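What follows is the residue order along each chain.
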Amino acid sequence: MPAKPVLGRTTAAAEGDVVVLLIGMRVNHFWAVHQWLPVMLAMFRMLGELARDEDRGLLGRVLLTASPRTYYVVQYWESKEKLYAYATAPDAFHHRVWALINRRERAGKVRGHVGIWHETYVVPEGRYESVYGDMPAFGLAAAHGQVPLEKRGRYAKDRFAYRSQRTAEPEKTV
């Protein structure tokens, strides 16, 4: 497989608000493979479902591990509305999995062998910046594209100050 190109110093081409979802699991008891493995496999299945249907709104993701026990995905979404729509869509795998988890919890069948968590952030334009040195598109840049650093500013303060056309223009009143 050919290596991804590196482009010198770049920044993410994100414009407007950025929606970031951190979602993951923690293995509380390694020996309870029958409890945590289905959770891990469900996450991969949901990511596959989202990759096959770009209209759902997932722009990019990075799989990470925080320890031998904790695994998570940083996800970049088109909007919080698209994220909510996926989370509640009756035809989505997430909906079925969450219903199963809720049923097991109500029945007292959750034994604490695996923990699940998520955090969601909507970051307004002007409250994020990025820089990548000799890196292929990664993270925010993989989700939104990347541009040469000079287009947004050499220094972090300049990139924070950048405003896209849609947010830089004052709203017209009628």
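Preceding this paragraph is the structure being described.
Asker: Looking at this model, I keep getting lost on unusual backbone geometry. Mind explaining?
Answerer: Trans peptide bonds make up most of the peptide bonds, and negative phi angles are found at most residues other than glycine. A positive phi angle, close to 50°, is found at Asp-134, a residue other than glycine. Its place among the elements puts Asp-134 in the loop between β6 (132–133) and α4 (140–144).

Asker: Hey, could you run me through the pattern of salt bridges in this one?
Answerer: Inspection of the entire model under this criterion finds 6 salt bridges. Where Arg-56 meets Asp-53, a salt bridge forms, and the shortest distance between an N and an O atom there is 3.5 Å. Its relative accessible area of 15% is what places Arg-56 among the buried residues. The partner of Glu-129 in a salt bridge is Arg-159, and the shortest N-O contact between them spans 2.6 Å. Taken together, the residues Glu-129 in the loop between β5 (114–123) and β6 and Arg-159 in helix α5 (residues 156–161) connect sequence positions 30 residues apart. Taken together, the salt bridges that share partners define one network made up of Asp-53, Arg-56 and Asp-91.

Asker: I keep staring at the pairing of strand β1 (residues 9–12) and nothing clicks. Help me out?
Answerer: For a regular strand, the rule is simple: side chains alternate between the two faces of the sheet. Relative to β6, β1 runs antiparallel, the two sharing 2 bridges. Among the inter-strand pairings, Arg-9 is bridged to a residue of β6, identified as Gly-133. Sheet topology places β1 next to strand β7 (residues 146–148); 3 bridges connect them, and they run antiparallel. Within β7, the position partnered with Ala-12 by the bridge is Gln-146.

Calculation rules
Residues numbered from 1 in each chain as written. Predicted model: local features only at pLDDT ≥ 70, side-chain atom pairs only at ≥ 80, totals over all residues. Heavy atoms only, no water. Helix = DSSP H or I, 4+ residues; strand = E, 2+ residues; numbered from the N terminus. Salt bridge = Lys/Arg side-chain N within 4 Å of Asp/Glu carboxyl O. Buried < 20%, exposed > 50% of the residue type's maximum accessible area, 1.4 Å probe, protein only. Pairing = 2+ DSSP bridges.

Note that every value here comes from positions in space, so none of it alone points to a role or purpose.
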